[in-house]
Amino acid sequence: PTSAQVSAVPQLGRFRYTLDNNVLTTEQRQFYEDNGYLLIKKLVSDEDIERFRKEFMRICKKEVKLPGVMIMKNESLRSQYGQSEEVVNKVQDFQEDEELFRYCTLPEVLKYVECFTGPNIMAMHTMLINKLPDTDKQTFLHPMHQDLHYFPFRPADRIVCSWTAMERADQDNGCLVVQPGTHKETLKPHDYPKWEGKVNKLFHGLLDEDKKSPRVHLVMEKGDTVFFHPLLIHGSGINKTSGFRKSISCHFASSECHYIDVKNTTQEHLEKELKEMVRKKYDMTSVELRDIWNFRARLVQGERINL
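Reading the values: rules and limits
- Residues numbered from 1 in each chain as written.
- Predicted model: local features only at pLDDT ≥ 70, side-chain atom pairs only at ≥ 80, totals over all residues.
- Heavy atoms only, no water.
- Helix = DSSP H or I, 4+ residues; strand = E, 2+ residues; numbered from the N terminus.
- Buried < 20%, exposed > 50% of the residue type's maximum accessible area, 1.4 Å probe, protein only.
- Polar contact = N/O pair within 3.5 Å; in protein donor to acceptor, adjacent residues only side chain to side chain.
- Pairing = 2+ DSSP bridges.
- pLDDT = per-residue confidence, 0-100.
- Contact = heavy atoms within 4.5 Å.
- Salt bridge = Lys/Arg side-chain N within 4 Å of Asp/Glu carboxyl O.
- Core = buried A, V, L, I, M, F, W, Y, C linked by side-chain atoms within 4.5 Å.

## Some remarks on the side chain of E273
- Summarising the element assignment, E273 is placed in helix α6 (residues 268-282).
- For E273, a relative accessible area of 14% gives the class buried.
- Only 2.3 Å separates the side chain of E273 from the side chain of Y192, close enough to count as a polar contact.

Here it is as structure tokens:
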């Protein structure tokens, strides 16, 4: 299949979005089938979270050199603080950092991931998000979007995001907001929102957002982890506190997934933007989208088949 609109054929039987195993209860499986997300309390230990926090601080201080990592900053604060926790709002593609990458290999996380992907698991996209205080300009508001917009591989039902709160996340500091059940819809067109002076690089949002669709604010404590489908419409609010709201996440996919050609689909303009960014960063004459993803991807369990 080459069209971004192609979705997996529903499996025969009761469950389409989860696989048979003895980890999830029937109630948990049904909740994910209906809503497109599942919250597991206290999954990641305080000790692991503190290790990830320390590594993030080392990256901020430039004590760690990482190939391929993308460090996103609030440039307006850079002159005031240099590169520090006050400025860095995201460390993306940390697959070469052995300390942060430990998150993607935690047995307690992979145990749940396997319920969605099956046994051959690739870590495809990694992020540590540091949501900065942001009361007036709303620079770090992430518009409602579907993660599948960013991914040139399918089927969507064998991809899952694991997102762990590194401290309490609530409406005050910009927790995740989800629209339950939207994972059953198709991939919708995305682009930069028409906000004045509030747009972050690659923070695409839905072009036609249904404002009436019910929303759930996912209030989470430190160590709580939510697993969600790549078609689930979600975003996050602004951080109205004076502190930082950190989370660590990874998109996992079955290594049996396959790459698709995004030309003539709603994802084509994103491909151009991403290739242009990589060309500039590495001074390359040409690069293919598949090569970018091959570089990001790492096997965490089982066998590497297609991805």
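## Section: the sheet that holds strand β11 (residues 216-217)
- Strands sit in the order β5-β13-β8-β11 across an open sheet of four strands; the sheet is antiparallel. The open sheet is flanked by β5 (142-145) and β11, the only strands paired with a single partner.
- Both strand β8 (residues 176-178) and β11 contribute to a ladder of two bridges, which runs antiparallel. Residue pairing for β11: V178 is matched across the bridge by V216.

## A short note on the confidence of the model for the protein chain
- Per-chain confidence: the protein chain averages 87 in pLDDT, with 86% of residues scoring 70 or above.
- In the predicted structure, residues 1-11 sits below a pLDDT of 50 and forms 26 contacts with residues beyond four places in sequence or in another chain.

## A closer look at the pairing of strand β14 (residues 245-254)
- Burial analysis of β14 places 10 of its 10 residues in the buried class, which makes it a mostly covered element.
- By the alternation rule, side chains of β14 split into R245, S247, S249, H251 and A253 and K246, I248, C250, F252 and S254, which are all buried.
- Looking at chain direction, strand β4 (residues 121-131) and β14 are connected through 10 bridges and run antiparallel. What sits directly across from T126, in β14, is C250.
- As judged from the seven bridges shared by strand β7 (residues 159-165) and β14, these two strands associate in the antiparallel manner. Bridge assignment links W163 to a residue of β14, and that residue is S249.

## Remarks on helix α5 (residues 107-117)
- For α5, the complete set of buried residues consists of V109, L110, Y112, V113, C115, F116 and T117.
- One or two positions beyond α5, positive phi appears at G118, with a value near 90 degrees.

## Things to note about helix α1 (residues 26-35)
- For α1, every residue scored as buried is listed here: R29, Y32, E33 and N35.
- Tucked into the core, α1 has its buried residues touching β1 (37-40), α5, β7 and β12 (225-228).
- Looking one or two residues beyond α1, the residue adopting positive phi is G36, at roughly 85 degrees.

## Some remarks on the pattern of salt bridges
- By the definition in use, this model includes 23 salt bridges.
- For R102, the salt bridge is made with E99, and the minimal N-O distance between the two is 2.9 Å. Of this pair, R102 and E99 are both found in helix α4 (residues 98-105), three residues apart, which corresponds to roughly one turn of the helix.
- According to the relative accessible area criterion, E99 is buried, its value standing at 19%.
- In this structure, K211 engages E209 in a salt bridge whose closest nitrogen and oxygen atoms are separated by 3.8 Å.
- Its relative accessible area of 66% is what places K211 among the exposed residues.
- It is possible to trace a salt-bridge network through shared partners that takes in D48, R51, E99 and R102.

## Describing the nonpolar core
- Ranked by size, the top nonpolar core spans 39 residues in total, and within it Y103, C104, V109, F227 and F252 carry the most contacts.
- Put simply, the parts of the chain that give this core at least two residues each are β1, α2 (46-60), β3 (88-92), α4, α5, β4 and β14.
- Element by element, the count of residues in this core is highest for α5, at six residues.
- What Y103 contacts, discounting residues up to four positions off in sequence, is V44, F52, V109, S162, W163, T164, T225, I248, S249 and C250.
- In terms of nonpolar packing, the next biggest core, distinct from the first, is built from 24 residues, Y150, I159, L231 and C257 among them.

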